[in-house]
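Working through the structure, step by step
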Amino acid sequence: MLLTTSHVKNKMDKENGLVSIIIPIHNSQHFLEKCLDSIKNQTYKFIELILIDDASTDESGIICENFKMKAPHLKTKIIKNLLSEGASGSRNKGLDFAEGEYIVFIDSDDYIDKTYIEDLVRKIEHNKADIELFSYYREDENGYIERGNENYPDKLFRLDNNYDFFAYYAHRGVWSCMFRRSIIYQDNMNHLIFNEKIVIGEDLLFYTEALSRAEKVHFTTECSKYHYVIHPGSTYSSMDLKKAYTAIEAYKKVVTIFENLCLEKAATSAKKYLVFKLHDLLGSFKQINIDENLYNSLKKEIQNLLPFVLLSVGGIKFKIKWYNGIVI
């Protein structure tokens, strides 16, 4: 039977349904209040909010402090980084402090609908899943909204021989998941962490590592209540060449994880995405002036990667062009 709101509230009363929401924050004053207010207004009240102020130089820190005072019903923890540690370092600090049965990550420039957390708790419990994936809304700075993953049906996955079909759902950010605590913290001393050397794709890598520990994963389109806001200052719209290159490292690690799990279709899917990342990076060479030594180093790495990628994506045809001796 599907859990009802009363079941969810009973779980809250037993104090074993705490949801830890981790938000890394860096100079987000223009979006932060909307994000925090959307959490304050949740129908699910048993929430622990962990705010990591990553050396912000704007009013973000003040907004966090004011929010803590006006939302006393939330268990709010504010962590301040004196020096910027990036999204990965900030999320890792959040994980050190998280006490919840469920872990949710939200970006500071995004926001959620009021039943978002309640719906996810209901879904993850009903499906007895280790990870609950959900659809979302993609929203630009002018308020235009389109739904992401709208063509994917609800599906329950298990880590067995049929798990290869997860290829269609494999490429996710951590903001589009609810994790059961036991997947991230398998013992009291060690837990999954974000790779702080990877700037773009670090959340995909973390998600994939969590996936490798999961037995049951569920994807739902019902909980499309996360608003992913894209604006000029967001990570992907402002990434430079060095940041972009770390995404290639992330995808290479993801491929290895899927191959070690013997998930051939998921591994092939990850390799296809690696092709797209390579093309994006190569295209940027024509627009960005970079250090010659870095350029040559990246060129050599890309030349080494291309045969690996092209051999792995049978049936895909690429036009071969030359730019400064690089095949793309």
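A few points on the structure. All of these numbers come straight from a predicted model, not from anything done at the bench. Here the residue numbers are simple positions, counted from 1 along each chain's written sequence. Note on the predicted model: pLDDT of at least 70 is required for a residue's local features to be given, and 80 or more for side-chain atom pairs to be given and counted; whole-chain, interface and lining totals, by contrast, use all residues. Side-chain calculation: all heavy atoms of the structure are included, whereas hydrogens and water are not.

**Some details on the environment of Leu74**
- Looking at where Leu74 falls in the secondary structure, it is placed in the loop between helix H3 (60-70) and strand E3 (75-81).
- A sequence separation of 25 residues divides Leu74 from Leu49, and the C-alpha atoms of the two residues are 6.8 Å apart.
- In this analysis, two residues are considered to be in contact whenever any of their non-hydrogen atoms come within 4.5 Å of each other. Discounting chain neighbours no more than four positions away, the residues touching Leu74 are Ile39, Lys40, Lys45, Ile47, Leu49 and Phe67. Secondary structure counts use DSSP, requiring at least four H or I residues in a row for a helix and at least two E residues in a row for a strand, with both numbered from the N terminus.

**Considerations on the sheet that holds E3**
- Strand pairing follows a simple DSSP-based rule, namely that at least 2 bridges must link the two strands. Strand order in the open sheet made by the eight strands is E3-E2-E1-E4-E10-E6-E11-E9, with mixed pairing throughout. Of all the strands in the sheet, just E3 and strand E9 (155-158) have a single pairing partner and so form its edges. Along the sheet, successive strands turn relative to each other by an average axial angle of 20°, direction set aside.
- In terms of strand pairing, strand E6 (residues 131-134) meets strand E10 (residues 177-180) through three bridges, oriented antiparallel. Bridging from a neighbouring strand, Glu132 pairs with Met178 of E10. The angle between two axes is taken between their N-to-C directions and runs from 0 to 180 degrees, where each axis is a line fitted to C-alpha atoms and a helix contributes only its stretch in contact.

**What about the packing of helix H2 (residues 29-40) against H3?**
- Between H2 and H3, whose axes approach to 10 Å, the crossing angle comes to 20°. Between H2 and H3, the angle falls in the class roughly parallel. When you trace H2 past H3, the crossing you get is right-handed. Contacts from Gln29, Leu32, Glu33, Leu36, Asp37 and Lys40 in H2 reach Ser60, Ile63, Cys64, Phe67 and Lys70 in H3.
- Only Asp, Glu, Lys and Arg are considered charged in this grouping, and only Ala, Val, Leu, Ile, Met, Phe, Trp, Tyr, Cys and Pro are considered nonpolar; every other residue, Gly among them, is considered polar. Here the residues of the contact of H2 with H3 are counted per class, giving five nonpolar, two polar and four charged. Oblique is the label for every angle not falling under 35 degrees (roughly parallel), over 145 degrees (roughly antiparallel), or within 65 to 115 degrees (roughly perpendicular). Crossing handedness follows the turn of the near helix against the far one: under a right angle anticlockwise gives a left-handed crossing, and clockwise gives a right-handed one.

**Notes on the packing of aromatic side chains**
- Stacked, tilted and edge-to-face pairs are distinguished by plane angle, under 30 degrees for stacked and over 60 for edge-to-face with tilted covering the rest, among Phe, Tyr and Trp rings (Trp via its six-membered ring) whose centres lie within 6.5 Å. Going through the model one piece at a time under the given rule, you end up with 12 aromatic pairs.
- Considering the side-chain rings of Phe105 and Phe206, the 5.9 Å spacing of their centres and the 80° angle between planes classify their relative orientation as edge-to-face. Here Phe105 is found in strand E4 (residues 102-105), whereas its partner Phe206 is found in helix H7 (residues 202-211), with 101 residues between them in sequence.
- Consider the rings of Phe194 and Phe206, whose centres lie 4.1 Å apart with planes at 5°: the pair is stacked. Of this pair, Phe194 sits in the loop between helix H6 (181-184) and H7 while Phe206 sits in helix H7; the two residues are 12 residues apart in sequence, bridging distant segments of the chain. For the pair shown, Phe194 and Phe206 are each scored as buried.
- Feature note: the residues Tyr116, Phe134, Tyr136, Trp175, Tyr226 and Tyr228 constitute an aromatic cluster, connected by ring pairs.
- Two conditions define a charge located above a ring, namely a distance within 6 Å from the ring centre to NZ of Lys or CZ of Arg, and an angle within 35 degrees of the ring normal. Looking at Lys34, its charged tip hangs above the ring of Tyr111, at a distance of 4.1 Å from the centre.
- The ring centre of Tyr185 lies 4.0 Å from the NZ or CZ of Arg181, which sits over that ring. For every residue, the accessible area (1.4 Å probe, protein chains only) is compared with the maximum for its type, and the residue is labelled buried under 20%, exposed over 50%, or partly exposed between those bounds.

From the geometry alone we can't say anything about function, so treat these as descriptive.
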